[in-house]
Amino acid sequence: LISMGLSASTSWPGLNPRTLAGLCPSELHRRLKYISLAVLVVQNASLILSIRYVRTLPGDRFFTTSAVVMAEVLKVLTCLVIILLQKRLNVKETVYFLIDVIVVQYKDTLKLAVPSLIYTLQNNLQYVAISNLPALSLPSWPPSFLTS
């Protein structure tokens, strides 16, 4: 938490470093599991509602493909920042790590290509559905219907 600029006095339930240090690993995993679930629920609900709001505004609409690409760019940048933080801000080590994982272990990278393409198709279809379905039916709609 300190490396992310947060102090020990930051009041996040279940994330106080002093409290976490005294927990057994199974208790810590359970808390992190529920925190992750809550964050994902809020993320998916806010994503659907914000897309619905923007897509129903009068005027010119943006291309759904550009929105999907920008969302993926933000995810890549977030992952790169996390990897950089894991490598203790060592850019050289981070680049070597990425080359090893992406280029040297290319078979694993290729195995992820098909699910990635299906995921991109799913995100484009999600924009179409959000534009055409009533807002109340969307939060119950499974966000990963193609990949499950």
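Residues numbered from 1 in each chain as written. Predicted model: local features only at pLDDT ≥ 70, side-chain atom pairs only at ≥ 80, totals over all residues. Heavy atoms only, no water.

Engineer: I would appreciate a short explanation of the overall build of the protein in the present structure.
Structural biologist: A count of helical and extended segments in the protein gives six helices and zero strands. Helices and strands appear in the protein in the N-to-C order α-α-α-α-α-α. Out of the 148 residues in the protein, the part that is buried amounts to 15%. When the accessible surface of the protein is totalled, it reaches about 11200 Å², and 70% of it is carbon and sulfur. (Helix = DSSP H or I, 4+ residues; strand = E, 2+ residues; numbered from the N terminus. Buried < 20%, exposed > 50% of the residue type's maximum accessible area, 1.4 Å probe, protein only. Areas by Shrake-Rupley, 256 points an atom, 1.4 Å probe, with all protein chains shown as cover.)

Engineer: Looking at this structure, I do not really get the side chain of Asn-123. What am I missing?
Structural biologist: Residue placement: Asn-123 occurs in helix H6 (residues 113-132). Using a relative accessible area of 11% as the deciding quantity, one classes Asn-123 as buried. Within the structure, Asn-123 has its side chain in polar contact with the side chain of Glu-72 (distance 3.5 Å). Filtering out sequence-adjacent residues up to four positions away, Asn-123 remains in contact with Val-68 and Glu-72. (Polar contact = N/O pair within 3.5 Å; in protein donor to acceptor, adjacent residues only side chain to side chain. Contact = heavy atoms within 4.5 Å.)

Engineer: Help me out: how do you make sense of a nonpolar patch on the surface in this one?
Structural biologist: The grouping of Val-91, Val-95, Tyr-96, Phe-97, Ile-99, Val-101, Ile-102, Val-103 and Val-104 at the surface amounts to a nonpolar patch, some 780 Å² of accessible area in total. Relative to the elements of secondary structure, Val-91 occurs in helix H4 (residues 91-104). On the basis of relative accessibility, which here comes to 52%, the residue Val-91 falls in the exposed class. (Patch = residues over 30% accessible without salt bridge, like charges linked within 9 Å, V, L, I, M, F, W, Y side chains within 5 Å. Salt bridge = Lys/Arg side-chain N within 4 Å of Asp/Glu carboxyl O.)

Engineer: I'm lost on the confidence of the model for the protein in this one. Help?
Structural biologist: As a note on interpretation, predicted positions should not be read in detail where pLDDT is low. Of all residues in the protein, 75% have pLDDT values of 70 or greater, and the mean over the chain is 77. For the stretch residues 1-11, pLDDT sits under 50, and the model shows seven contacts to residues farther than four places along the chain or on other chains. (pLDDT = per-residue confidence, 0-100.)

Engineer: Would you explain the nonpolar core in this entry?
Structural biologist: Soluble, globular proteins show a tendency: their nonpolar side chains are buried together. Of all hydrophobic cores here, the largest spans six residues; its members are Ile-48, Ile-51, Ala-67, Val-68, Tyr-127 and Ile-130. Sorting the residues of this core by element identifies helix H2 (25-55), helix H3 (64-86) and H6 as the ones contributing at least two each. Apart from the residues lying within four places of it in its own chain, the contact partners of Ile-51 are Tyr-127 and Ile-130. (Core = buried A, V, L, I, M, F, W, Y, C linked by side-chain atoms within 4.5 Å.)

Engineer: I would appreciate a short explanation of H3 in the present structure.
Structural biologist: Since one α-helical turn is 3.6 residues long, residues separated by three or four positions face the same way. Counted at 1.5 Å a residue, the expected span for H3 with its 23 residues is 33 Å, and the 33 Å between its end C-alpha atoms agrees. In this fold, the buried residues of H3 make contact with H2, H4 and H6. Backbone geometry just downstream of H3 places Arg-88 in the positive-phi region, at approximately 55°. (Expected span 1.5 Å × (residues − 1).)

Engineer: How should I be thinking about the packing of aromatic side chains in this particular structure?
Structural biologist: Going through the model one piece at a time under the given rule, you end up with zero aromatic pairs. Over the face of the ring belonging to Tyr-34 we find Lys-33, whose NZ or CZ atom lies 5.3 Å from the ring centre. Here Lys-87 stacks its cationic end above the ring of Phe-97, 4.4 Å away from the centre of that ring. (Phe/Tyr/Trp six-rings, centres within 6.5 Å; stacked < 30°, edge-to-face > 60°. Lys NZ or Arg CZ within 6 Å of the ring centre and 35° of its normal.)

Engineer: Is there a simple way to explain unusual backbone geometry in this structure?
Structural biologist: The residue Arg-88 is not glycine, and still its phi comes out positive at about 55°. Position of Arg-88 among the secondary structure elements: in the loop between H3 and H4. Since its relative accessible area comes to 75%, Arg-88 is described here as exposed. Despite not being glycine, Leu-89 has its phi angle at roughly 60°, a positive value. With respect to the helices and strands, the residue Leu-89 is situated in the loop between H3 and H4. The exposed category is assigned to Leu-89, whose relative accessible area is 59%.

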